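Architecture and fold: a report
This is what each chain is made of:
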Amino acid sequence: MKGFDTLENRCAACQRCDLAHHRKMVVVGRGNPRSDLMLIGEAPGADEDNLGLPFVGRSGRLLSELLKEADLDEDQDLYICNVIKCRPPHNRKPTLEEMRQCRPWLREQLELVNPSLVLLAGATALQALLGIKSGISKLRGQWHEQEGRTFMPVFHPSYLLRFRSREAGSPQTLTLQDLQEAKRRLSAQGG
Ligand code: URA
């Protein structure tokens, strides 16, 4: 997609914040930019920084597993990206200033993909997109309408790595249910 090529090239040259001095690669996105479903995480980690793709490390492998179980094809059914495009040193949480500086890239990505459904993986995405500072455990699984799109907070995959259990009500089971709900909505919309 033409718009994407220029976005990726411009992101690769970005020097808006100090993260530019630490990164190996800018991590823009992967998956299907024509999909009606987008998943937004926090920021790249070491594996993502090495490969230039989001969610390709340990948490990404768990995300891929759950997407598959929910019958979502990660190459076809959604587009995956992050709030922040460069790895914060030592995987620390991005600062508010870094989120502010990176926001125009995410806005542009949202406009280019133009998904009607958006999954917000973790507290940083919840804060960046809906301006909600806490409460992911209560808000996960609920759809929120804003600016013509429908957003659903879900647990971040790296949080899920801490709880291996698949008992009823466990974080992984709840996330699988959330992804299945996203799949249902996507299919109902013909996506
Ligand atoms: N965590 C994220 O939020 N994004 C990634 O791409 C990888 C880990």
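Preceding block: the structure.
First, a word on what this report is: a plain description of the structure on this page. Model, not experiment: these values are computed from the prediction. (Residues numbered from 1 in each chain as written. Predicted model: local features only at pLDDT ≥ 70, side-chain atom pairs only at ≥ 80, totals over all residues. Heavy atoms only, no water.)

Re the overall build of the protein chain
- Helices and strands together make up the secondary structure of the protein chain, namely nine helices and six strands.
- Expected size for 191 residues packed as a compact globule is a radius of gyration near 16 Å; at 15 Å, the protein chain falls within 12% of this value.
- For the protein chain, the spread of C-alpha atoms along the three principal axes comes to 45 × 35 × 30 Å.
- Taking all contacts inside the protein chain whose residues are at least 6 apart in sequence as the whole, residues at least 24 apart take part in 73%.
- Accessible surface, the protein chain as shown: approximately 9300 Å² in total, 48% of it carbon and sulfur.
- Across the protein chain, 27 positive and 24 negative side-chain charges occur, with their mean positions spaced 4 Å apart. (Helix = DSSP H or I, 4+ residues; strand = E, 2+ residues; numbered from the N terminus. Rg over C-alpha atoms; globule rule 2.2 N^0.38 Å. Contact = heavy atoms within 4.5 Å. Areas by Shrake-Rupley, 256 points an atom, 1.4 Å probe, with all protein chains shown as cover. Lys, Arg positive; Asp, Glu negative; His and termini not counted. Charge placed at Lys NZ, Arg CZ, Asp CG, Glu CD.)

Quick word on the nonpolar core
- Formed by 56 residues in total, the largest nonpolar core has its most connected members in Met-38, Leu-39, Ile-40, Val-83, Leu-119, Leu-120 and Leu-129.
- Ranked by residue count, the leading element in this core is helix H5 (residues 96–113), at six residues.
- Once you skip the residues sitting within four places of it in the chain, Leu-119 turns out to touch Leu-37, Met-38, Leu-39, Ile-40, Trp-143, Met-152, Val-154, Leu-179 and Ala-182. (Core = buried A, V, L, I, M, F, W, Y, C linked by side-chain atoms within 4.5 Å. Buried < 20%, exposed > 50% of the residue type's maximum accessible area, 1.4 Å probe, protein only.)

What to know about the packing of helix H4 (residues 58–69) against helix H9 (residues 171–188)
- Two elements in contact, H4 and H9, have axes whose closest approach is 9 Å; the angle formed by their N-to-C orientations is 55 degrees. Classified by the angle between their axes, H4 and H9 sit oblique to one another. In this structure, the crossing between H4 and H9 has a hand that is right-handed. Each of Leu-62, Leu-66, Leu-67 and Glu-69 in H4 lies in contact with H9, whose residues at this interface are Gln-172, Thr-175, Leu-176, Leu-179 and Gln-180.
- In terms of residue class, the contact of H4 with H9 is built from five nonpolar, three polar and one charged. (Axes fitted to C-alpha atoms, helices over the stretch in contact; angles between N-to-C directions. Parallel < 35°, antiparallel > 145°, perpendicular 65-115°, else oblique. Left-handed = near helix turned anticlockwise from the far one by under 90°. Nonpolar A, V, L, I, M, F, W, Y, C, P; charged D, E, K, R; others polar.)

Points about the site of the ligand
- Around the ligand sit Gly-41, Glu-42, Ala-43, Glu-48, Pro-54, Phe-55, Ser-59, Asn-82 and His-156, and that is every residue in its neighbourhood.
- Here Glu-42 contributes a backbone N or O atom positioned 2.7 Å from an oxygen atom of the ligand.
- Contact between the ligand and Phe-55: an oxygen atom at 2.8 Å from a main-chain N or O atom of the residue.
- Residues of the shell around the ligand, tallied by class, amount to three nonpolar, four polar and two charged. (Near = heavy atom within 4 Å. Polar contact = N/O pair within 3.5 Å; in protein donor to acceptor, adjacent residues only side chain to side chain.)

Some details on the sheet that holds strand S4 (residues 117–121)
- Spatially, the six strands line up as an open sheet ordered S1-S3-S2-S4-S6-S5, and their pairing is mixed. Each of the sheet's edge strands pairs with one partner strand only, and the pair in question is strand S1 (29–31) and strand S5 (144–146). Averaged over all pairs of adjacent strands, the angle between strand axes in this sheet comes to 25 degrees, irrespective of strand direction.
- For strand S2 (residues 37–41) and strand S3 (residues 79–82), the ladder comprises four bridges, and the chain directions are parallel. Pairing of Gly-41 across the sheet is with Asn-82, part of S3. (Pairing = 2+ DSSP bridges.)

Observations concerning unusual backbone geometry
- We note that Asp-71 has phi near 65 degrees; this positive angle belongs to a residue other than glycine.
- When you line up the elements, Asp-71 lands in the loop between H4 and S3.
- Despite not being glycine, Glu-147 shows a phi value in the positive range, around 45 degrees.
- With respect to the secondary-structure elements, Glu-147 resides in the loop between S5 and strand S6 (149–154).

Points about the packing of helix H1 (residues 2–12) against H5
- The geometry of H1 relative to H5 is characterised by a closest axis approach of 11 Å and an angle of 170 degrees between their N-to-C directions. Taken together, the axis directions place H1 and H5 in an arrangement best described as roughly antiparallel. Contacts between H1 and H5 involve Gly-3, Phe-4, Leu-7, Arg-10 and Cys-11 from the first element and Trp-105, Glu-108, Gln-109, Leu-112 and Val-113 from the second.

Section: H4
- If you check H4, its first and last C-alpha atoms are 17 Å apart, about what 12 residues at 1.5 Å a residue would give, namely 16 Å.
- The set of residues buried in H4 consists of Ser-59, Gly-60, Leu-62, Leu-63, Ser-64, Leu-66 and Leu-67.
- The positive-phi residue at the C-terminal boundary of H4 is Asp-71, with phi of around 65 degrees. (Expected span 1.5 Å × (residues − 1).)

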